[in-house]
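So the chains spell out like this:
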Amino acid sequence: MISNEQRAHDIAIALMKDNDGNLKPIEAYHQYINYLLPILREINKDFPHGIKENP
């Protein structure tokens, strides 16, 4: 099972790929956090116990 944190991370990384690649490392980190935290909050709200897949 993939954790909510991993799902949020994957979405944040996908969104980061849309930037023009000109971000400095600290700017990239801040942008990543700005994507990650709200996404994680929403996923945790919708799936407080994770997303369980049926076997």
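Small disclaimer: the values here were computed from a predicted structure and weren't measured.

With that settled, the discussion passes to the overall build of the protein. Looking only at helices and strands, the protein features two helices and zero strands. When the 55 residues of the protein are sorted by exposure, 16% land in the buried category. Of the accessible surface of the protein, which amounts to about 4400 Å², a share of 57% is contributed by carbon and sulfur atoms. Both charge centroids of the protein, one from 6 positive and one from 8 negative side chains, sit 4 Å from each other.

Looking now at helix H2 (residues 25-46). For H2, which comprises 22 residues, the first-to-last C-alpha distance of 31 Å matches the rise-based estimate of 32 Å (1.5 Å per residue) to within 8%. Buried residues of H2: Tyr32, Leu36, Ile39, Leu40 and Ile43, and no others. Mapping the buried residues of H2 onto a view down its axis gives an arc of 115°, with all of them on the same face. Counted as exposed and oriented over 90 degrees from the buried face of H2: Ile26, Asn34, Arg41 and Lys45. Buried residues in H2 make contact with helix H1 (4-16).

In this section: the nonpolar core. Soluble globular proteins tend to pack their nonpolar side chains together in the buried interior. Ala8, Ala12, Met16, Tyr32, Leu36, Ile39, Leu40 and Ile43 together form the largest nonpolar core, which totals eight residues. Element by element, the count of residues in this core is highest for H2, at five residues. Excluding residues within four positions of it along the chain, leucine 40 makes contact with Asn4, Glu5 and Ala8.

Rules used throughout
- The residue numbering used here restarts from 1 in each chain and proceeds along that chain's sequence as written.
- Where local features are concerned, this predicted model is filtered to residues with pLDDT of at least 70; where side-chain atom pairs are given and counted, the filter is 80 or more; whole-chain, interface and lining totals use all residues.
- To get the side-chain values, all heavy atoms of the structure are used, and hydrogens and water are removed first.
- Each helix is a run of H or I in the DSSP string that is no shorter than four residues. Each strand is a run of E no shorter than two, and both are numbered from the N terminus.
- Only protein chains enter the accessibility calculation, which uses a 1.4 Å probe; a residue whose area is less than 20% of its type maximum is buried, one above 50% is exposed, and one in between is partly exposed.
- Only the protein chains shown count as cover for residues, and the accessible areas themselves come from Shrake-Rupley with a 1.4 Å probe.
- The positive count covers Lys and Arg only, the negative count covers Asp and Glu only, and His and the chain ends enter neither.
- By convention, the point assigned to a charge is CZ for Arg, NZ for Lys, CD for Glu and CG for Asp.
- To estimate how far a helix should reach, multiply one less than its number of residues by 1.5 Å.
- The arc in question is the one spanned by the directions pointing from the helix axis to the C-beta atoms.
- Pairs of residues are marked as contacts when any of their non-hydrogen atoms sit within 4.5 Å.
- In these notes, a set of buried Ala, Val, Leu, Ile, Met, Phe, Trp, Tyr and Cys residues joined through side-chain atoms within 4.5 Å is what counts as a nonpolar core.

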